[in-house]
Amino acid sequence: MTDYRILVVEDNERNLKLVRDVLQFAGYDVVEARSGEQGVALAKECFPDLVLMDIQLPHMDGAEALRRLRDSPETRTVPIVALTAFAMREDREQALRAGFDGYLEKPISVRDLPEQVRHFLSGKEPRR
Amino acid sequence: MAVDANGRGAGDVDDGLRRDLAEAKAQLAATSEVLTALGRSASDLDAVLGTVVGWAQRLCRADVAQIHLVEGEVLTLARSTGLSDEGVAYMALHPVGRDRTSLIGRVGLYAQPQQITDVLTDTDYGRLDFQRLAGLRTVLGVPMVLDGDMVGVLLVWRTEVDPFGDRETEVLTTFAAQATIAIRQVALLQTLEARQQELAQKIHQLEALGEVGQAVSSSLDLDEVLTTIVTHAVQLSGTDGGSILEFDEPVEEFRVRTAYGTSDELLERLQTTRIGRDATLVGRAATEGRPLQVPDLRDVPLDPHLQCLFEAGWQSLVAVPMLREGRIVGALVVRRRKPGGFSEETCDLLETFASQSSLAILNARLFGELERKSAELEIASRHKSEFLASMSHELRTPLNAVIGFSEVLLERMFGDLNERQDEYVRDIWSSGKHLLELLNDILDLSKVEAGRMDLEWSTFSVREALENGLALMRERAARKSISLILEVAPEIGLFHADELRFRQVVLNLLSNAVKFTPEAGEVVVRATSDGPEVLVTVTDTGIGVAPADQARIFESFQQGGRGAQQHEGTGLGLTLCRRIVGLLGGRMWLESEVGRGSTFGFAIPLGALESAQAPRSDESPPHGGPLVVIIEDDRRSLDLLRLYLEGAGVEVVGVRDGATGLEVVRQRRPSAVVLDIRLPGMDGWDVLATLKADPATAPIPVVVVSMVDERGRGFALGAAEYLVKPVSRDDVLSALTRVTVLPDSNRTLLAIDDDPLVIELVKAVLEPEGWQVLGAADGETGVALARSRQPAVVLLDLLLPGMDGFEIAAALHDDSTTQQIPIIVLTSMTMTRADKERLQGRISYVAQKGNFDPALLVALVHRTTEAPAASAQEG
C-alpha cells in the first residue's frame, strides 16, 4: 500500500474502471471523476498527489481543466499527466504545449502503468 | 483684228510681240498663282479650281469659265465664275451626259478640245435651257485628263458670237492640266487621309479588342469584364450608349447585365423589364444569328425593351447576338440618341465584341461551377477527415477497454486463469491489438491522403532504429525458428528523418517478412548507402510474390497470392509504408520470386546530417539560439525536455541512445548536453566519461537528468549539474542557466508583508509575468528566505510586527549574500524625511501601497532587476 492518492479524470466509464482497478491493485488510493468540471472540483477537495486526465473530454476539455487546476492555489503544484491516444501525435503535442507534466498513451499498458505513475510521483511526499 | 495661230497680229509685229509678251507674262502669272494656290492649300480643291476658272475667264477674255467634273456617267458643275447665282444653281442641279447635245457632253464624248461657234446655229446643240439662262453663244471646252481617264471639263463661253483662237485653246489646255494636277493631288491626299484614318481606326479597334481580350482572360469578375467590353464597343462604334444582356436559358429571357452611357434609372428599368426570346428585337437577332438594326425607333413597333429605350430618349440601335456553339449566350446592344443606320464595318466590329462577351460569360460560368464543385469537394473532404477522426476516437475507446481488461486478466491481478481461459483471453487481447493496429493504419493513411501527416524530423542512428525493430520481432521469429540477421554497412551512421515513421516502416516490413516466411527460414535486414541515399532492404526466404501481384501489392487490402485468410494483417501496411517513404522523399520497391522469397526495399535521401564520416562541427544553429543535445531513451521524457528547452529559445537535438549521442555531440559541438543515465547499450556514465576524456568535447557542460540519485559519481565524472527525475521546467532551465547556456533569468521575488492579501495580490500580478513569488509574513522568515533562495528582488512592507522594515533592510544590507538584492519598499505609511534617511542607500524604490497599480508594480520590478543598484525614490 502506498499513501498516494491519484485522481483519474476520464469520461469513458470502462476505461475509468480499468485505470482505477489497475492503480488500486498497485496500492494507490484512486478518486474518479467523469468530466473536466468534476475533476476540477474534486481536485480541490481531495488533495491528490497526481492527476491523470484524459485530454479529449466533452465540454471542459483536458487543457481547460488543467488551466483551472493551475489557477487554483490548492492544486497549483499537483503534477497533472495527460492520457492521450497513441495514434494521435497531435494530442501528445497539444498536451505538452498545454502544460501537462507529461503524458501516458492509450491503450495503457496494464503491466507498466503502476511504474509509470511512480515515475511521476518519485521524490514527492504524499500530501496527506 | 485677225489673229494667227500664235496670237501674233499680222499687221503690227511690234504690237503683236508686245501683246504676246504681255499675254505670256499674264499666263506665267496665272500659272504661278495657280501653283501657289496649289502649294498653299493642296487639300482645298475648291480654292484651286476657283483660281483656275478666274484666270481662264480673264486670259480667254470670256464671259464665263466653268469646271465640270465627271461623276459616274454625268458631268456636274464644280466651279463657275461670271455666271449669276441662279445660273450656277440651275446648272449644278442639271448635270449633263456625255453626248453631242452640249459642249461639255462633246468634250466628255471625244476627250478633245471642242468649240461651238454659235450654239443657236449648231444643229446638234440641245441645251437651250442653258442658253436661255446664261445667254451663251460661243463656247470652248477642253478635257481634264488624269492617267488616261477624263475627270472633267474646263470650259469658257462668250455671250456674243466671237470664236476662240488657238491661243485660247492652248491657255485653256494648260489650265485644265493644272486643275487636273490639283484634283489628283487632292484625291491622293484624301486617299492618304482616309487610309490613315482607317489605319488609326484599326489600331484603335485592335487596342480596344486587346484590352477586352485581356480583361476576358485576366479577370474573373464578370461584371468588370462586361463593363470593359460595352464601354469599348460604344466608344469604337461612335455611339452614345450600350448594354450587354445575358440569356437565362431555363426561363428563355434576356437580362441586362451591364450598361455604359446609360442613366441609373434606365438601367434599373431595363433590369426589371422582361425581355423574352420571342417578339423582341434582341430575341430575333439571337434566333437569326445576325445583327439587327433599327435606324429610327419611331418607325417600328416597340417591344418592352425598345419601349424603355425609346422613352429614355434613344432613337436608333443595333442588337448583336452573342452565340457559342449554337447556343444563345446573350446580346450586345449599342444605341444612339439620334436616328441613323449602322454600317457593316460597325456591325462587324460589334460582332467581335459580342464574341468576346460570350466568351467572358462562359468563362465566368465555368469558373463559378468549378468553384462550387471544389467547395463541395472541400466540405466532403473535411467531413471525411472529421468522420475518420471521430470514428477512430469512438472505436479506439472501447478497444482500449478490451485490450486493457484482457491485460488485467493476463496479469492475473484478480486470480489465476486455467490454460483454456488464458488462451482465450490472449485471443481477445491479440484481436483487440490487431483491430487497433488496423484503425491506426486507416487513420494514418487518411492523414497522408489528406496531406495532414506531419513529420517530426530528428537525428537518429539507423543501426539503433533497425535493432529496435528486430528486437520487437525477435519473439515471434523465435517461435517459428526464423533467424533474424542485421547487416549495417560501416558508413551508415546518423540519419535525419522522422524516426518513429522510419521505425514504423521497418517494423512493418519485418513483420510481413516473418509472417510469410515458413519455419526455420531467414530474414535479413540490410542497410547500405548508395550515393545520396540510405537503402534498407528486408529479405526473407518466404513464399514470394507472383509477378502479377507485385504491382498491386502496395495497394490497399492486397496481400497478393499470399493468402489473406491464412495470414492476419491489416492489408494497409505496405500502402502506408510506401506513402510514408514517399513523404520522407524516398521510394520503395519489391523484388520477389515465388517459392524463393522476397526483398522489400526502400531508399531515403540523406538528410541534413549525413553519415558519421562527414562530421559538421562548424555548423551553426539555424535559429540562432544555443544548441543543446539531449540524450534520453524515453520518448516521453525527451519530448518534455525538448518542449521545455525549445520554449526557452534553445535549439534541441534529441537522441535516444548513448553511442548516437556521442556522435552527435562530436559533430554538432552543442552548448550543453542533457544526459540520462539509464540508456540502452552504452549507458550515461560511459557517455559522460567518454565526453570528458576527449579534449574536443570535455569543455561542453553536461547536465545529468536521472532517476538514480548518484550525484557524487556524476560530479566525480565531470557533470556540471545533476538533477533527479522527475524534473520541472524550472529545474532544467535554471540548471542550464547555471552552466551559462541560458542567460541569467532569476525570476524569483520575495514579498515580505504581514498581510496575506498583499502577498496574494503580488502573486496574482507577477506570476503571469513569469515570476515565482515567495511570501514571508514576518521579518525573520523574510531574511532567512532571502538568504536561502537568493531572490532577484525583495518587496518589503515597512510596518511589520516584530522586526520592522527598516531592520529588515539593514539586515539584508549587512549580509554579504543578500547585499546585492534590490529592495522595493511597498508601504502605506507616509515616509518622513528621517525615514528616508534611514533607508538611504539600502533600497531601490519606494512604492505607495494606497494607489497600488499592477502595471506600475510590474514595470518597477522589471526595472529594478534589469538595472540593479540604481538608487532612486518613487512616490
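Residues numbered from 1 in each chain as written. Chains lettered and ligands numbered in written order. Predicted model: local features only at pLDDT ≥ 70, side-chain atom pairs only at ≥ 80, totals over all residues.

Q: I'd like a description of the overall build of chain A, backed by residues and values.
A: Along chain A, the regular secondary structure elements total five helices and five strands. Split into buried and exposed, the 128 residues of chain A put 42% on the buried side. Taking contacts inside chain A between residues at least 6 apart in sequence as the whole, the part at least 24 apart equals 61%. (Helix = DSSP H or I, 4+ residues; strand = E, 2+ residues; numbered from the N terminus. Buried ≥ 20, exposed ≤ 12 C-beta atoms within 10 Å, placed from the backbone. Contact = placed C-beta atoms within 7 Å.)

Q: Can you break down the overall build of chain B residue by residue, with the values?
A: If you tally the helices and strands in chain B, you get 26 helices and 29 strands. Here chain B holds 875 residues, and the buried ones make up 39% of them. For chain B, restricting intrachain contacts to residue pairs at least 6 apart in sequence, the fraction spanning at least 24 positions comes to 62%.

Q: So what about the pairing of strand β12 (residues 327-336) of chain B? Which residues, and what values?
A: Each regular strand displays side chains that alternate between the two surfaces of the sheet. Residue and element names in this part refer to chain B. Of all ten residues in β12, nine are buried; the element is thus mostly enclosed. Sheet topology note: the strand β7 (residues 241-248)/β12 ladder contains six bridges and is antiparallel. By the bridge assignment for β12, G242 is matched with V334. Hairpin connection between strand β11 (residues 316-324) and β12: a loop of two residues separates the two successive antiparallel strands, and E325 in this loop has a positive phi of roughly 45 degrees. (Pairing = 2+ DSSP bridges.)

Q: Tell me about the interface of chain A and chain B, and name the residues and values.
A: Facing 23 residues of chain A, the contacting portion of chain B comprises 24 residues. Looking at the side of chain A that touches chain B, the elements that each hand over two or more residues are α1 (13-25), α4 (89-98), β5 (102-106) and α5 (113-121) of chain A. The greatest single-element share of the side of chain A that touches chain B, amounting to six residues, is contributed by α1(A). Across the side of chain A that touches chain B, the residue classes break down as eleven nonpolar, seven polar and five charged. (Nonpolar A, V, L, I, M, F, W, Y, C, P; charged D, E, K, R; others polar.)

Q: Tell me about the sheet that holds β7(B), and please be specific about residues and values.
A: Residues and elements named next belong to chain B. The strand order across the open sheet built from six strands is β9-β8-β7-β12-β11-β10, with neighbouring strands paired in antiparallel fashion. Because the sheet does not close on itself, it has two edges, and the strands there are β9 (275-276) and β10 (292-294). Bridge analysis of strand β8 (residues 253-260) against β9 gives two bridges, and the strand direction is antiparallel. Its bridge partner lying in β9, E253 is registered against G276. On the sheet, helix α7 (residues 222-236) packs against β7, β8 and β12 and is oriented at approximately 70 degrees with respect to β8. Set on the sheet, helix α8 (residues 264-272) makes contact with β7 and β8; between it and β8 the angle comes to about 165 degrees. (Axes fitted to C-alpha atoms, helices over the stretch in contact; angles between N-to-C directions.)

Q: How would you summarise helix α10 (residues 304-311) of chain B if you had to cite specific residues and measurements?
A: All names here are of chain B. All buried positions along α10 are accounted for by H305, L306 and L309. Down the axis of α10, the buried set is contained in an arc of 90 degrees. They therefore lie on one face. Where α10 is buried, its residues meet β9, α9 (281-288), β11 and β12. Trailing α10 by a residue or two, G313 shows a phi angle of about 95 degrees, which is positive. (Arc of directions from axis to C-beta.)

Q: Which residues make up the nonpolar core, and what values do they have?
A: Among the nonpolar cores identified, the biggest contains 121 residues, and A:V51, A:L52, A:M53, A:V81, B:V673, B:L675 and B:V703 are the most heavily contacted of them. Ranked by residues supplied to this core, first place goes to helix α14 (residues 499-515) of chain B with seven residues. Residue contacts for A:V81: discarding those within four places in its chain leaves A:L50, A:V51, A:L52, A:F100, A:D101, A:G102, A:Y103, A:L104 and A:F120. B:L45, B:L49, B:L83 and B:L154 belong to the second largest nonpolar core, which has 49 residues in total. (Core = buried A, V, L, I, M, F, W, Y, C linked by C-beta atoms within 7 Å.)

Q: Talk me through the packing of α7(B) against helix α11 (residues 344-410) of chain B; I want residue IDs and the actual numbers.
A: All names here are of chain B. Where α7 meets α11, the closest approach of the two axes is 10 Å, and the angle between their N-to-C directions is 180 degrees. Judged on the interaxial angle alone, α11 and α7 are roughly antiparallel. Taking contact as the criterion, the partners of L222, V225, L226, I229, H232, A233 and L236 in α7 are, on α11, L349, L350, F353, Q356, S357, A360, I361 and A364. Taken together, the residues of the contact of α7 with α11 sort by class into twelve nonpolar, three polar and no charged. (Parallel < 35°, antiparallel > 145°, perpendicular 65-115°, else oblique.)

Q: Would you mind going over the sheet that holds strand β22 (residues 672-675) of chain B in detail, with residue names and values included?
A: Residue and element names in this part refer to chain B. With parallel pairing, five strands are arranged side by side in an open sheet as β21-β20-β22-β23-β24. The outermost strands of the open sheet, each flanked by one partner alone, are β21 (651-655) and β24 (721-724). Direction aside, neighbouring strands of the sheet carry axes that sit 20 degrees apart on average. The sheet strands contacting helix α17 (residues 635-647) are β20 (627-631), β21 and β22, and the helix crosses β21 at an angle near 170 degrees.

Q: Lay out unusual backbone geometry with the relevant residues and their values.
A: Cis geometry is adopted by the peptide bond preceding A:P107, which originates at A:K106 and carries an omega value of 5 degrees. Following the sequence through the fold, A:P107 ends up in the loop between β5 and α5. Non-glycine residue B:A279 carries a positive phi angle of around 60 degrees. Backbone geometry places B:R412, a non-glycine residue, at a positive phi of 55 degrees. Note on placement: B:R412 falls in the loop between α11 and α12 (419-449). Take B:R412: there are 10 C-beta atoms within 10 Å of it, and that puts it in the exposed class.

Q: I'd like a rundown of α9(B), residues and numbers included.
A: Listed as buried for α9(B) are B:L281, B:V282, B:G283, B:A285 and B:A286. Phi turns positive one or two residues past the end of α9(B), at B:G289, with a value near 70 degrees.

Q: Any chance you could break down the packing of helix α23 (residues 779-789) of chain B against helix α24 (residues 805-814) of chain B for me, citing the residues and the numbers?
A: Residues and elements named next belong to chain B. Across the interface, α23 lies against α24 with an axial gap of 10 Å and an inter-helix angle of 25 degrees. For the element pair α23 / α24, the angle class is roughly parallel. Note that α23 runs across α24; the crossing there is right-handed. Side by side, α23 and α24 meet where G779, G782, V783 and A786 of the first sit next to E807, I808, A811 and L812 of the second. Looking at the contact of α23 with α24 residue by residue, the classes come out as five nonpolar, two polar and one charged. (Left-handed = near helix turned anticlockwise from the far one by under 90°.)

Q: Explain the environment of B:V70 to me, and be specific about the residues and the numbers.
A: Tracing the backbone shows B:V70 in strand β1 (residues 64-71). For the pair B:V70 and B:G152, spaced 82 residues apart in the sequence, the C-alpha separation amounts to 5.1 Å.

Q: Tell me what's going on with the confidence of the model for chain B, and back it up with residues and numbers.
A: All names here are of chain B. Across chain B, the average pLDDT comes to 82, with 88% of residues at or above 70. Every residue in residues 1-10 scores below 50 in pLDDT, and together they form 15 contacts with partners more than four places removed in sequence or on other chains. Here residues 561-567 is modelled with pLDDT under 50, and outside its nearest four sequence neighbours on either side it reaches ten contacts, counting other chains as well. ipTM for the predicted complex: 0.82, alongside a pTM of 0.45. (pLDDT = per-residue confidence, 0-100.)

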